[in-house]
Amino acid sequence: MTKTLAAAPPASHNISPARRDFYREIAPQNLAPLWEVLHQLVTAEPQSIIKPHCWKYADIRPHLMKACALITAKEAERRVLVLENPALPGESKITRSLFAGLQIILPGEIAPPHRHTQTALRFVVEGRGAYTGVDGERTEMHPGDFVITPSWTWHDHGNNGNGPMVWLDVLDIHMLKLFEASFREGSDSDEARPEERPRGDSMARYGSNLLPVDGSYSRPTSPVFNYPYDRTREALEAMRRREEWNPWHGLKLKYINPMNGDYAIPTIATFIQLLPKGFRTQPYRSTDSTIYVCVEGSGTTMVGGKTMAWGPRDIVVVPSWERFVHHASEDAVLFSASDRGVQEKLGFWREEKVNG
Ligand code: GTQ
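Computed from a predicted structure; not experimentally measured.

Engineer: Go over the environment of R240 with me, naming the residues and quoting the values.
Structural biologist: Structurally, R240 is set in helix α7 (residues 229-240). The buried category is assigned to R240, whose relative accessible area is 17%. Each residue touching R240, except ones within four places of it in the same chain, is listed here: W245, L251, L274, P276 and D331. Side-chain polar atoms of R240 contact the side chain of D331, separated by 3.0 Å.

Below you can see the structure in the form of structure tokens.
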């Protein structure tokens, strides 16, 4: 079912009977000839098998609502519709390394506490009044907020608001799967975890350009676990006054961990960017397949001969090493997430900026 890079040699490839016999002879010893697969393993360039795609929120929302009629958040544990890359049906992958899904929680519902070695981000798409709790501290979520659940922290979600709450989950599930390092633990109770620390505590300690002297925080993930949209938007707005547009990105910022200036989540790099009305990015490609969420405005992304139109709440995925261009038909704000941080650490990451 899984398409692997080491697929069978192309049909045009003639293998002599003597060699074929040899391959049959060694196969029972769990041996295989590298020369038949070398160039499919070590490709001259990235050959992404994923497809560019746009999920229109207006098309997804009715299915999310229907899911609510079929299963409670408690029973589902996490009521999520997985965004499956069209090239990888059944694999729960939006890209080769990342999982993405839309999670919905209705007023009065809770998604019970659990913890796992996978790290999650939530990017809030619709609604207000829901919270997520991380190790006993809750944060209220608003549209555009970027919220983090670090690896191995207890987390639950609840909705004390009046309407449904929807956010995009992105998790590093497939990295943990690759390394066979997944652990999870449920809670004895499927009730919400009590609040043990006041709301805003992490933000006060770590999110004010101050750090506790002699602090003991030691996780690799940011101790700030909600990056509220109003502050993010303010930063973009202040910077746009200078009109210093980057030809490939418009105005683009990365979310950072205040402890070390690195990406807020080590496994999932996240960004926010502003493209002013009429702006067309110069062609660009990089080795990190990227998920975009439109927060405001509208536009199109051209990639691989395909033009995808997006508006608020729509989600787009762009494959590794395919050149793309974004065009903003109105002032647009895009959130994005990819495995860039991992690739940079390991020395894999590359980009190409074309001067159009
Ligand atoms: O909220 O903890 O979309 O554990 C997938 C797995 C969300 C979560 C997902 C999860 C969660």
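That shown, we press on.
Engineer: Let's hear about the site of the ligand: which residues, and what values?
Structural biologist: The immediate surroundings of the ligand are formed by R78, V80, F99, Q103, H114, H116, R122, H155, H157, D169 and L171. Between the ligand and H114 there is a distance of 2.8 Å, counted from an oxygen atom to a side-chain nitrogen or oxygen. The set of elements that each furnish at least two residues to the shell around the ligand consists of β3 (99-105), β4 (110-116), β9 (155-159) and β10 (165-171). Split into classes, the residues belonging to the shell around the ligand amount to three nonpolar, five polar and three charged.

Engineer: Got a sec to walk through the pattern of salt bridges? Specific residues and values, please.
Structural biologist: One pass over the structure, following the stated rule, counts 26 salt bridges. When the shortest N-O distance is used, the salt bridge between E91 and K93 registers 3.3 Å. Each member of the pair, E91 together with K93, is buried. Between D201 and R205 there is a salt bridge, with its nearest N and O atoms 2.8 Å apart. You can see D201 and its partner R205 sitting in helix α6 (residues 201-206), four residues apart, about one turn around the helix. The partly exposed category is assigned to R205, whose relative accessible area is 41%. When salt bridges with common partners are traced through the structure, they connect R233, E237, R240, E296 and D331 into a single cluster.

Engineer: Help me get a handle on the nonpolar core, residues and values and all.
Structural biologist: L83, L102, L121, F123, F146, L168 and F335 are the most contacted members of the largest nonpolar core, which totals 46 residues. Take this core: its biggest share by element is four residues, from helix α3 (residues 57-70). Residue contacts for F146: discarding those within four places in its chain leaves L121, R122, F123, F225, N226, Y227, Y255, A264, I265, T270 and F335. C54, F279, C294 and A328 belong to the second largest nonpolar core, which has 17 residues in total.

Engineer: An account of the sheet that holds β9 is requested, with residue identities and associated values reported.
Structural biologist: Reading across the sheet, the five strands line up as β7-β6-β9-β4-β11 and stay open at both edges, with antiparallel pairing between neighbours. Taken across any chain shown, the strands that pair with only one partner, and hence form the sheet edges, are β7 (137-141) and β11 (184-186). Between one strand axis and the next, the sheet turns by 25 degrees as a mean value, whatever way the strands run. Pairing of β4 with β9, which is carried by three bridges, proceeds in the antiparallel orientation. From the neighbouring strand, A111 faces β9, where its bridge partner is H157.

Engineer: Requested: an account of the packing of aromatic side chains, with residues and values cited.
Structural biologist: Counted according to the given criterion, the structure contains 13 aromatic pairs. Relative to Y227, the ring of F146 has its centre 5.2 Å away and its plane inclined at 40 degrees; by these criteria the two rings are tilted. Within this pair, whereas F146 is found in strand β8 (residues 146-149), its partner Y227 is found in strand β12 (residues 226-227), the two being separated by 81 residues in sequence. Ring geometry for Y263 versus F271: centroids 5.8 Å apart, planes at 75 degrees, classification edge-to-face. In this structure an aromatic cluster arises from ring pairing among F123, F146, Y227, Y255 and F335. Over the ring of F271 we find K252; its NZ or CZ atom is 4.7 Å from the centre of that ring. K254 extends its terminal NZ or CZ atom over the ring of Y263, reaching a point 4.5 Å from the ring centre.

Reading guide: rules and limits
- Residues numbered from 1 in each chain as written.
- Predicted model: local features only at pLDDT ≥ 70, side-chain atom pairs only at ≥ 80, totals over all residues.
- Heavy atoms only, no water.
- Helix = DSSP H or I, 4+ residues; strand = E, 2+ residues; numbered from the N terminus.
- Buried < 20%, exposed > 50% of the residue type's maximum accessible area, 1.4 Å probe, protein only.
- Contact = heavy atoms within 4.5 Å.
- Polar contact = N/O pair within 3.5 Å; in protein donor to acceptor, adjacent residues only side chain to side chain.
- Near = heavy atom within 4 Å.
- Nonpolar A, V, L, I, M, F, W, Y, C, P; charged D, E, K, R; others polar.
- Salt bridge = Lys/Arg side-chain N within 4 Å of Asp/Glu carboxyl O.
- Core = buried A, V, L, I, M, F, W, Y, C linked by side-chain atoms within 4.5 Å.
- Pairing = 2+ DSSP bridges.
- Axes fitted to C-alpha atoms, helices over the stretch in contact; angles between N-to-C directions.
- Phe/Tyr/Trp six-rings, centres within 6.5 Å; stacked < 30°, edge-to-face > 60°.
- Lys NZ or Arg CZ within 6 Å of the ring centre and 35° of its normal.

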